Amino acid sequence: MGKGGCNLTAAAVKDEPNTLKDAQEDHDEEVVNTTPTTTSTSSYEKVFITSSFLATKNTIDECWIAYEGKVYDVTHWLAKHPGGIRSIMSAAGSDATSVMKSLHAPNTLDHFMKRIRKVGVLAVHDENLNEFDESNQESLLYSVLQENVNQVKCKMVQVRSDAIHKDFEALNQKLTSEGWYEADPKWYLVPIIRVAIFLYIGCRMVMWSDTIDEHSFSRILLLLFGSIFLGLYLQNIAFMGHDAGHGSISGSFKSDLWIGFLVGNAFAGIDVNWWKSTHNVHHSATNSLHDDPDIQHMPLLCFDERMGENRWSTYHGRYMPLDAIGRALLPYQHWYFYPVMAVARINLYIQSMIFLAKTCPFVGLDQRAKAGNKITDSVTGRIKEKYAWPTPSPAVWITSVLSLSFYWYMTVSFYSQLSLVTAIVSFTVCHLTSGLLHVQILLSHVAMHYCADGHGSTDAITAPNGNGTAGYYEWQALSTMDVDCPTWMDWFHGGLQFQLEHHLFPRVPRRHLRKLCALTDEIFSKHNVPVIRLSFYEANTLVLRHMATVGSNVVKRKTD
């Protein structure tokens, strides 16, 4: 299973070997060579690789993944992967079939996987395992007489996980055959008109307010409502930028990249390539303490008590310490959560510029020639990997810079026409309003479950489902909630209030997510997987309570 899921097996949670030699010595006995029955069998099919051995191949020097029963060496593909190194490394050393199928179109996988070297076949410990039905547990329990109880439970859990995967695979085929994935650029006519109206009315009202007597109440109303409309413009156009990043506007990632430069960079000020670098990892390793950058905001915000253990961020390539500032602030994080979200967009502007500086194709090429480098912690002596940033083509990078420059040129030009007070108030209220988007994004994950899985983890992972483990699809339900609202409010949430369905099938256009709920609910109900779907108010209340509890408890924990 991909790192988006959680697994209690020892191999998945053991310390990372310091050298490949150590890993080989510990696990060579787990690679079984067999003699093929026919001479036409490919050489890689002669090698059966166990999950525990595969789990040792999770470094930038040797990175393997399993896909549809075959094991691939993707080491040389890391720096070439369009989705970035970090998204692959979040699934390194595991069966990434589910996450790969959810994020990539079938023709994309068919095209690229044939180019990657196969090193073996993922071994199945019990050839008769697939004969067991999920409900037929008696035959498995009977083997307690011959096997260890934990091994039997592991088999039962694997049967359950395979059954869930099989049902979602069937649903994926249904969605494909019925055209759910097909792009419909004409659908964006209404959203485009909406954001254009927001922008026009907002600009006109703000500019009009600047012509009225400064002590007039109508001036205040025009300025506030005009700025709110500008904020709604920024919030709503972000939904189109999101779709461009997923390649669901035109159905082509190449075409949507250039659309993203328009609706993301030029009209919203957020670099689409920076967004994709974080969002791809968020999808492949949802709520993973080590891997998911969307939950790594220490020491300002802490969403899980284990974040206070000086954990390593694979995305940022640094430790996330619980320092004196964090200890002072975090007990009150539920009070300043909304103020931080109100100015969170400013951070996105900054992160976009930092990303462009890090990925400039004209400097630092030697440092990005390989997938990354190893660093040693001066205190603990532990070896960690710091991944390289991607190197876009000069044309793509220059387009990113120019399109972001256009946004700031237009923004400065607009506000420079206003009086200083009007400009400051309008910019502030506009960004306070657009902060709703950041609340909406975090709402679906903050109060849900987290896993300590990920590169460099030393923790056992307990999936809260009574089985001790969760596959990719089940983990999405455990780490993601939906926000329930009337259909007429879909414009406000962009359809992405159905985050669970979006995480299960990221390539399905958001206009279909509401209809998709019934189909995914049926599968989850069949396997007794809870689906959390709350109103906007209930979800906010739950998040604030969760943050209050975590903030209070995390400062009491002892750190390394």
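Look up: the structure comes first, before these words.
Residues numbered from 1 in each chain as written. Predicted model: local features only at pLDDT ≥ 70, side-chain atom pairs only at ≥ 80, totals over all residues. Heavy atoms only, no water.

Some thoughts on the overall build of the protein chain
Part 1 of the reasoning: If you tally the helices and strands in the protein chain, you get 23 helices and eleven strands.
Part 2 of the reasoning: Expressed as a percentage of its 560 residues, the buried residues of the protein chain come to 53%.
Part 3 of the reasoning: Contacts spanning at least 24 positions in sequence make up 72% of the contacts within the protein chain whose residues lie at least 6 apart.
Part 4 of the reasoning: A total of about 25,800 Å² of accessible surface is found on the protein chain, and carbon and sulfur atoms cover 61% of it. (Helix = DSSP H or I, 4+ residues; strand = E, 2+ residues; numbered from the N terminus. Buried < 20%, exposed > 50% of the residue type's maximum accessible area, 1.4 Å probe, protein only. Contact = heavy atoms within 4.5 Å. Areas by Shrake-Rupley, 256 points an atom, 1.4 Å probe, with all protein chains shown as cover.)

Concerning empty space enclosed by the protein
Part 1 of the reasoning: A full pass over the atoms with the stated rule returns two cavities of 30 Å³ or more.
Part 2 of the reasoning: Quantified by volume, the largest cavity comes out at close to 40 Å³.
Part 3 of the reasoning: Taken together, His 282, Asp 294, Ile 295, Ile 441, Leu 442, His 445 and Val 446 make up the lining of the largest cavity.
Part 4 of the reasoning: By residue class, the composition of the lining of the largest cavity is four nonpolar, two polar and one charged.
Part 5 of the reasoning: Taken as a whole, the second largest cavity holds about 40 Å³ of empty space.
Part 6 of the reasoning: Residue lining of the second largest cavity: His 242, Asp 243, His 246, Ser 248, Leu 496, His 502, Pro 506, Val 508, Pro 509, Arg 510 and Leu 513, and that is the complete set. (1 Å grid on protein atoms, 1.4 Å probe; cavity = no way out; pocket = protein on both sides within 12 Å on 5 of 7 lines; lining within 4 Å. Points joined across faces, edges and corners; volume = space filled by probe spheres on them. Nonpolar A, V, L, I, M, F, W, Y, C, P; charged D, E, K, R; others polar.)

Comments concerning the nonpolar core
Part 1 of the reasoning: Ranked by size, the top nonpolar core spans 45 residues in total, and within it Val 74, Met 89, Met 100, Phe 168, Leu 175, Phe 505 and Val 508 carry the most contacts.
Part 2 of the reasoning: At the level of secondary structure, the elements contributing two or more residues to this core comprise β3 (64-67), α4 (85-89), α5 (97-103), α6 (106-113), α8 (149-177), α19 (472-479), α21 (499-504) and α22 (513-526).
Part 3 of the reasoning: Looking at this core element by element, the count peaks at five residues for α22.
Part 4 of the reasoning: Not counting residues up to four positions away in its chain, the partners in contact with Val 508 are Leu 175, Trp 180, Tyr 181, Leu 513 and Leu 516.
Part 5 of the reasoning: The next biggest cluster of nonpolar side chains, apart from the first, holds 31 residues, and it includes Val 206, Leu 234, Tyr 349 and Phe 355. (Core = buried A, V, L, I, M, F, W, Y, C linked by side-chain atoms within 4.5 Å.)

Focus on the pairing of β3
Part 1 of the reasoning: Side chains of β3 alternate between two faces, with Trp 64 and Ala 66 and Ile 65 and Tyr 67 buried alike.
Part 2 of the reasoning: Both β3 and strand β4 (residues 70-73) contribute to a ladder of four bridges, which runs antiparallel. Looking at β4, one finds that Tyr 67 is bridged to Lys 70.
Part 3 of the reasoning: From the end of β3 to the start of β4, which pair antiparallel, there are two residues, and Glu 68 there has a positive phi angle of about 50°. (Pairing = 2+ DSSP bridges.)

Quick notes on the environment of Val 363
Part 1 of the reasoning: By the element assignment, Val 363 lies in the loop between α15 (344-358) and β8 (372-376).
Part 2 of the reasoning: The partly exposed category is assigned to Val 363, whose relative accessible area is 48%.
Part 3 of the reasoning: Separated by 28 residues in the primary sequence, Val 363 and Thr 391 have C-alpha atoms spaced 9.9 Å apart.

What about a nonpolar patch on the surface?
Part 1 of the reasoning: Among the surface-exposed residues, Phe 217, Ile 220, Leu 221, Leu 224, Phe 225 and Ile 228 lie close enough to one another that they form a single nonpolar patch of about 530 Å² accessible area.
Part 2 of the reasoning: Following the sequence through the fold, Phe 217 ends up in helix α10 (residues 217-246).
Part 3 of the reasoning: You can call Phe 217 exposed: its relative accessible area is 58%. (Patch = residues over 30% accessible without salt bridge, like charges linked within 9 Å, V, L, I, M, F, W, Y side chains within 5 Å. Salt bridge = Lys/Arg side-chain N within 4 Å of Asp/Glu carboxyl O.)

So, the side chain of Glu 62
Part 1 of the reasoning: If you trace the backbone, Glu 62 turns up in the loop between α3 (51-54) and β3.
Part 2 of the reasoning: Here Lys 57 takes part through its side chain, which lies 3.4 Å from a polar atom of the side chain of Glu 62. (Polar contact = N/O pair within 3.5 Å; in protein donor to acceptor, adjacent residues only side chain to side chain.)

Some points on the pattern of salt bridges
When charged atoms on two side chains of opposite charge get close, those side chains can pair.
Part 1 of the reasoning: Applying the stated criterion across every chain, the model contains 16 salt bridges.
Part 2 of the reasoning: Note that Lys 101 and Glu 169 form a salt bridge whose closest N and O atoms lie 2.9 Å from each other. Highlighted residues: Lys 101 in helix α5 and Glu 169 in helix α8, separated in sequence by 68 residues. Across the pair, exposure class does not vary: Lys 101 and Glu 169 are buried alike.
Part 3 of the reasoning: Salt bridges sharing common partners tie together Asp 482, Glu 501, Asp 521 and Arg 533.

Brief notes about the environment of Phe 303
Part 1 of the reasoning: Inspection of the secondary structure puts Phe 303 in the loop between α12 (272-284) and β6 (311-313).
Part 2 of the reasoning: Among the residues examined, Phe 303 registers a relative accessible area of 1% and is labelled buried.
Part 3 of the reasoning: Considering only alpha carbons, one finds Phe 303 and Tyr 450, 147 residues apart in sequence, at a separation of 8.8 Å.
Part 4 of the reasoning: Non-local contacts of Phe 303, meaning those with residues more than four positions away in its chain, are made with Asp 294, Ile 295, His 297, Leu 442, Val 446, Tyr 450, His 546, Met 547 and Val 550.

Some words on helix α23 (residues 536-554)
Part 1 of the reasoning: Here α23 is 19 residues long and its end C-alpha atoms lie 27 Å apart, about the 27 Å a rise of 1.5 Å per residue gives.
Part 2 of the reasoning: Those residues of α23 that sit buried are Ala 539, Asn 540, Val 543, His 546, Met 547, Val 550, Gly 551 and Val 554. With its buried residues spanning 130° around the axis, α23 presents them on a single face. Looking at α23, the residues exposed on the side facing more than 90 degrees away from the buried face are Tyr 537 and Arg 545.
Part 3 of the reasoning: Buried-residue contacts for α23 involve α14 (333-342), α18 (436-443), β10 (482-484) and β11 (533-535). (Expected span 1.5 Å × (residues − 1). Arc of directions from axis to C-beta.)

As for the packing of α10 against helix α17 (residues 420-434)
Part 1 of the reasoning: The N-to-C vectors of α10 and α17 enclose an angle of 45°; their axes lie 7 Å apart at closest approach. Of the possible angle classes, the one that applies to α10 and α17 is oblique. For the element pair α10 and α17, the recorded crossing hand is right-handed. The segment α10 lies against α17, with Arg 219, Leu 223, Leu 224, Ser 227, Ile 228, Leu 230, Gly 231, Leu 232, Leu 234 and Gln 235 engaging Thr 422, Val 425, Ser 426, Val 429, Cys 430, His 431, Thr 433 and Ser 434. (Axes fitted to C-alpha atoms, helices over the stretch in contact; angles between N-to-C directions. Parallel < 35°, antiparallel > 145°, perpendicular 65-115°, else oblique. Left-handed = near helix turned anticlockwise from the far one by under 90°.)

So, the packing of aromatic side chains
Part 1 of the reasoning: As enumerated under the stated definition, the model contains 23 aromatic pairs in all.
Part 2 of the reasoning: Look at Trp 312 and Tyr 319: their rings are 4.9 Å apart centre to centre, the planes differ by 75°, and that puts the pair in the edge-to-face class.
Part 3 of the reasoning: Each ring, one from Tyr 349 and one from Tyr 407, has its centre 5.8 Å from the other, and the planes form 40°; the classification is tilted. Placement of the pair is Tyr 349 in helix α15 and Tyr 407 in helix α16 (residues 394-416), with a sequence separation of 58 residues.
Part 4 of the reasoning: Taking NZ or CZ as reference, Arg 86 lies 3.7 Å from the ring centre of Trp 389, over its face. (Phe/Tyr/Trp six-rings, centres within 6.5 Å; stacked < 30°, edge-to-face > 60°. Lys NZ or Arg CZ within 6 Å of the ring centre and 35° of its normal.)

The analysis is restricted to geometry; functional conclusions fall outside its scope.
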